[in-house]
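Structural overview
These are the residues of each chain, in order.
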Amino acid sequence: MDELMKVIHDYVVKEYLEEGDDRVITEMTPLITGGIVDSFSMVSLKRFLERKYSIRIPDEDATPDEFDSVQRIAALVRRFQQSQQVGA
Amino acid sequence: MAFNDNVRNTFETELEAIRAAGLFKQERYLHSPQFSEIEVEFPAGATVRRCINVCANNYLGLSSHPDVIAAAHAGLDSRGYGMSSVRFICGTQDIHRQLETRLTDFLGTEDTLLFPSCMDANGGFFEACLKEQDVMIADRLVHASIVDGMRLCKAMQDTYKHSDMNHLEEKLIEHQDKRVRMIITDGVFSMDGDFAKLSEIVALAEKYDAMVFVDDSHATGFIGRTGRGTHEHCGVLGKIDVITTTLGKALGGASGGCVSGRKELVEMCRQRARPYLFSNAVAPVIVAGALKVLDLISTSTDRRDKLEWNAKYWRGLLKDAGFDLKEGESPIVPVMLYDAKLAQDFATDLFNEGVYAVGFFFPVVAKGQARIRTQLSAAHEKHHLDAALEAFKKVGGKHGILGLGKKELIARAGA
């Protein structure tokens, strides 16, 4: 797990796992389809990423599919880091 | 676009996917009034059978109470059948305002506005009252109608882990820069039957300058010493800024809901809440029935006392029989099975034994948290609960789950 994935992983564990929930989250663990994060509570994760990495993820790109694992989220962040740097 | 074969196939495929996922819902036809015993036709065309009902929101047993029916008849005769209007055109009768005043008194708030349902109250409130510079911070297990209402509102959305006060405090600190912070919770959570920690929530709201919104649909009329709701139970009467609740459960069970709370917020709903502005007034017959319900529950606590006794008795019976329950004090008693298929099979078997209960599973509850949700009523007599227990024991024995704890049940589901 690289640094970006580790930051996302740690946020997911802190933000979404209840106290006493000992499920192990890997970079591939399904977050949305696995019932760990739902579309209602996903908003705080999107906002965290936008603040932390100074990017803007449009709502149409913040789909449950793109947010379904730490690995996919990291790929999404990288994509917007690159495109928004280029745009700037 | 014509509804051609391609379009039809699109929807048929989607419906088939719902069936394949085991999520296809079917109605069961009741041939009797709502009560502790009901006549049920299921599946469609099957012989009607008599069942003990442990899945209605008829908490106080007033859905078919003779006094309520008589009052509804009188309302029908004196005020007519329908209003053919929204409230602000020509749909407000004297009895609508009477009911709003009575609800205000009962809930201990400043003002009340009726909505066609509590779903509509929750759907309309946030957009009417909050703006882009505000934040809504909701418990993650709030009712779906609150989620929908929040999505219609431009204020920032956030959530906190279910009943986790440390997490809520973190969120309140994070959002100190907002104009308004609103903490949003159910009073009694419909799937788990647990109470919101309202006294702690109110303390945090005072500390961090936030408002508190409570949907008390599963509490109004019976939770608290005199049935005012979760705010009475938690000792915070008068400290909740907004209460939404329903006439569709304990308060007669017909339909209708309300926003009750700070008078300025209620007035904002009267001016701007779209389900109030663009939907018909609650029918006079329902208003008249609800007024009688408030008469009944304001003069005696017998019904809520009996409900409390029934819930305690039922919980004890199930526990002694070896079922795994969600702990709590409300008349919502979830029997935990964890496995979706088992929950469905269990409900079917109960029905065959003459008990009507429903299995709940993902996405209605979290994955791996499937259950049979039982709900008590003041209409239940001890013999109903004793008979229902025998059915539960028989079905539990058939599936080999009596005496199993959470870990064993989960291990069994995975086997």
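Note that this is a predicted model, so its numbers are computed, not measured.

**Some details on the overall build of chain A**
Broken down by element type, chain A carries 3 helices and 0 strands. The linear arrangement of helices and strands in chain A, starting from the amino end, is α-α-α. Relative to the globule expectation of 12 Å for 88 residues, the C-alpha radius of gyration of chain A, 13 Å, shows essentially globular dimensions. When its C-alpha atoms are laid out on the principal axes, chain A stretches across 45 × 25 × 20 Å. If you take every contact in chain A between residues at least 6 apart in sequence, the share linking residues at least 24 apart comes to 65%.

**Some details on the environment of Leu325(B)**
Residues and elements named next belong to chain B. Residue position: Leu325 is located in the loop between helix H13 (302-321) and strand S11 (332-338). With 16 C-beta atoms counted inside 10 Å, the residue Leu325 sits in the partly exposed group. Remark: the alpha-carbon pair of Leu325 and Thr246, spanning 79 residues in sequence, is separated by 27 Å. Residues contacting Leu325, with those up to four places away along its chain left out, are Arg315, Leu318, Lys319, Val333, Pro334, Val335 and Met336.

**Let's talk about the packing of helix H14 (residues 340-352) of chain B against helix H15 (residues 382-398) of chain B**
Residue and element names in this part refer to chain B. Two elements in contact, H14 and H15, have axes whose closest approach is 9 Å; the angle formed by their N-to-C orientations is 135°. The angle between H14 and H15 places the two elements in the oblique class. The handedness of the crossing between H14 and H15 comes out as right-handed. Along its contact with H14, which presents Phe346, Asp349 and Leu350, the element H15 presents Ala391, Val395 and Lys398.

**Here's the deal with the sheet that holds S11(B)**
All names here are of chain B. The 3 strands are arranged S11-S14-S13 in an open sheet whose pairing can be described as antiparallel. A single partner strand is all that each edge strand has here, and the edge strands are S11 and strand S13 (358-360). Across the sheet, the axes of successive neighbouring strands diverge by a mean angle of 30°, strand direction being ignored. Pairing geometry for S13 and strand S14 (residues 370-375), over 3 bridges, is antiparallel. When the sheet's bridge partners are listed, Val358 is paired in S14 with Arg373. The strands touched by H13 within the sheet are S11 and S14, with S11 carrying the most contacts at an inclination of about 20°. Each of S11, S13 and S14 is contacted by H14, which is oriented at about 40° to S14, the strand it contacts most.

**Quick word on the sheet that holds strand S1 (residues 29-30) of chain B**
All names here are of chain B. The 4 strands are arranged S1-S2-S3-S12 in an open sheet whose pairing can be described as mixed. Each having just a single partner strand, S1 and strand S12 (355-356) make up the two edges of the open sheet. With 2 bridges joining them, S1 and strand S2 (residues 37-41) adopt antiparallel strand pairing. Note on S2: the bridge partner recorded for Leu30 is Val40.

**Describing the confidence of the model for chain A**
Detailed reading of the predicted coordinates is not advisable wherever pLDDT falls low. Averaged over all residues, the pLDDT of chain A equals 90, while 95% of them reach at least 70. Looking over chain A, one finds the lowest element-wise mean pLDDT in helix H3 (residues 70-87) of chain A, namely 86, and the highest in helix H1 (residues 3-16) of chain A, namely 95.

**Some thoughts on unusual backbone geometry**
Here Phe42(B) and Pro43(B) are connected by a cis peptide whose omega angle stands at -5°. With respect to the helices, strands and loops of the structure, Pro43(B) is situated in the loop between S2 and strand S3 (49-53). A cis amide bond links Phe362(B) to the next residue, Pro363(B), at an omega of 10°. Note that Pro363(B) resides in the loop between S13 and S14. Even without glycine at this site, Ser54(A) takes up a positive phi of about 50°.

**As for the pairing of S3(B)**
Examined bridge by bridge, S2(B) and S3(B) share 4 bridges and lie antiparallel to one another. By the bridge assignment for S3(B), Ile38(B) is matched with Cys51(B).

**Remarks on the interface of chain B and chain A**
In this complex, chain B contributes 9 residues to the contact, which on the side of chain A involves 7 residues. Tallying contributions element by element places strand S6 (residues 156-160) of chain B first for the side of chain B that touches chain A, with 3 residues. Within the side of chain B that touches chain A, the residues separate by chemical class into 3 nonpolar, 2 polar and 4 charged.

**Some points on the domain arrangement of chain B**
Residues and elements named next belong to chain B. Along its sequence, chain B is carved into domain 1 (32-61 + 302-414) and domain 2 (66-299). On a C-alpha basis, the centres of domain 1 and domain 2 stand 28 Å from each other. Counting from both sides, the interface comprises 17 residues of domain 1 and, opposite them, 16 residues of domain 2. Of all the secondary structure elements, the ones that give two or more residues to the side of domain 1 that touches domain 2 are H13 and S11. Looking at the side of domain 1 that touches domain 2 residue by residue, the class counts come to 8 nonpolar, 5 polar and 4 charged.

What counts, and where the lines are drawn
- Residues numbered from 1 in each chain as written.
- Chains lettered and ligands numbered in written order.
- Predicted model: local features only at pLDDT ≥ 70, side-chain atom pairs only at ≥ 80, totals over all residues.
- Helix = DSSP H or I, 4+ residues; strand = E, 2+ residues; numbered from the N terminus.
- Rg over C-alpha atoms; globule rule 2.2 N^0.38 Å.
- Contact = placed C-beta atoms within 7 Å.
- Buried ≥ 20, exposed ≤ 12 C-beta atoms within 10 Å, placed from the backbone.
- Axes fitted to C-alpha atoms, helices over the stretch in contact; angles between N-to-C directions.
- Parallel < 35°, antiparallel > 145°, perpendicular 65-115°, else oblique.
- Left-handed = near helix turned anticlockwise from the far one by under 90°.
- Pairing = 2+ DSSP bridges.
- pLDDT = per-residue confidence, 0-100.
- Nonpolar A, V, L, I, M, F, W, Y, C, P; charged D, E, K, R; others polar.
- Domains from an automatic or database assignment.

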